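# Examination of the molecular architecture
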Amino acid sequence: TLCLSLFACGKQPVDTPTQPATQAPTEAPTAAPTEAPTEPPTEAPTEPTVPEIVFAASDETFTDGENTLLTLSAGLPSCETLPQVDAYYKALYDDLRALCELNAQDAAQRRAEFLADGFDFTPWATEVKSSVVRNDGVTLSVVREIYENTGGMHPLITYQAETFDVASQGRLLLADLFTVAEDAYLPRLRDMIVAQMDRLEAEGAVFYYDFAREQLTELLDPMDFALTGDSLLIFFDVYALAPYAAGPQQFYLPLADLADILNPQYFAE
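Rules behind the numbers
Residues numbered from 1 in each chain as written. Predicted model: local features only at pLDDT ≥ 70, side-chain atom pairs only at ≥ 80, totals over all residues. Heavy atoms only, no water. Pairing = 2+ DSSP bridges. Helix = DSSP H or I, 4+ residues; strand = E, 2+ residues; numbered from the N terminus. Axes fitted to C-alpha atoms, helices over the stretch in contact; angles between N-to-C directions. Buried < 20%, exposed > 50% of the residue type's maximum accessible area, 1.4 Å probe, protein only. Contact = heavy atoms within 4.5 Å. Expected span 1.5 Å × (residues − 1).

We now examine the sheet that holds strand β6 (residues 225-227). In space, the three strands of this open sheet follow the order β6-β7-β8, with antiparallel pairing throughout. Edge positions in the open sheet fall to β6 and β8 (249-254), since each of these has one partner strand only. Adjacent strand axes in the sheet meet at a mean angle of 20° when their direction is disregarded. Sheet analysis places β6 next to strand β7 (residues 231-236), joined by three bridges and oriented antiparallel.

Given below as structure tokens:
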């Protein structure tokens with residue numbers, strides 16, 4: 001409490017203190033907006049490098065010095081960026097050539113027998129044609145058609161295939177494609193193949209042996225398969241499931257129907 005008093009002079013009028021002018025309230029300074037933290041840019045996944053595959057054709061003629069006994073024509077894949085795969089097919093050709101050398105010796109004997117009996121001799125022949133059916137930078141799948149005429153009643157046509165893990169360059173087995181054990185995926189494959197066999201028989205295209213369906217899983221070779229863009233190709237040699245006239249049997253099993261058990265290492269989801 002403020003008391004104003006004058007001593008010895010009496011009361012004097014008291015001036016009312018002047019109120020300071022009211023100032024407009026000062027606004028608090030507006031803080032600069034806080035920017036959301038910037039996350040580092042997400043790098044797009046690197047696309048796998050697709051190896052370049054070329055076919056090296058090799059042609060050889062085996063003779064007895066004057067007469068042609070056997071001809072070999074082989075077109076096998078070659079890839080400079082996959083040296084282990086390249087070495088695989090070079091070794092395969094060496095084995096094929098060694099087999100043809102042995103067959104040429106048999107052909108020489110057969111030729112002598114034919115000429116002695118008054119028949120003409122037709123030189124034997126082995127021809128290999130290769131095709132790449134999948135090459136996506138993750139897996140490389142090659143199918144080889146092999147034609148052999150070695151003096152029998154009719155020539156034979158068989159199929160062989162290799163599927164490689166591009167990263168390791170190792171050859172894959174059928175089991176490598178799945179996340180479940182053999183006793184889980186084989187029945188699935190069998191049912192899909194049998195369904196196609198039933199359809200082919202209903203169309204009159206092929207008539208299979210009575211035991212073909214029952215022994216299908218035993219006859220299935222875990223290396224006789226290939227991968228295409230959308231299918232698992234399973235094949236059986238001539239005579240395995242049906243008579244010679246039916247030829248080798250090929251079954252294309254849609255990968256989409258196996259998606260729940262496929263190994264994601266080799267199949268993008």
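There is more to say after this.
Here we come to the pairing of strand β5 (residues 156-165). Summarising burial for β5: seven of the 10 residues are buried, a large majority. Note: strand β4 (residues 139-149) against β5, 10 bridges, orientation antiparallel. By the bridge assignment for β5, Leu140 is matched with Phe164. From the end of β4 to the start of β5, which pair antiparallel, there are six residues, and Gly151 there has a positive phi angle of about 85°.

Backbone hydrogen bonds are what pair the strands of a sheet, in a parallel or an antiparallel way. One open sheet accounts for five strands, arranged β1-β2-β3-β4-β5; its pairing is mixed. Edge positions in the open sheet fall to β1 (54-63) and β5, since each of these has one partner strand only. Each strand of the sheet is rotated relative to its neighbour by a mean of 15°, with strand direction disregarded. Here strand β2 (residues 68-78) pairs with strand β3 (residues 124-135) via five bridges, running parallel. Looking at β3, one finds that Leu72 is bridged to Thr126. Along the sheet, helix α1 (residues 83-116) makes contact with β1, β2, β3, β4 and β5, crossing β2 at roughly 170°.

Once that is clear, we can look at helix α2 (residues 182-202). Between its terminal C-alpha atoms α2 stretches 30 Å, which fits the 30 Å expected from 21 residues at 1.5 Å a residue. Listed as buried for α2 are Tyr185, Leu186, Leu189, Met192, Ile193, Val194, Gln196, Met197 and Leu200. Buried residues belonging to α2 abut α3 (216-219), β7 and β8. The first or second residue beyond α2 is Gly204, which carries a positive phi of 75°.

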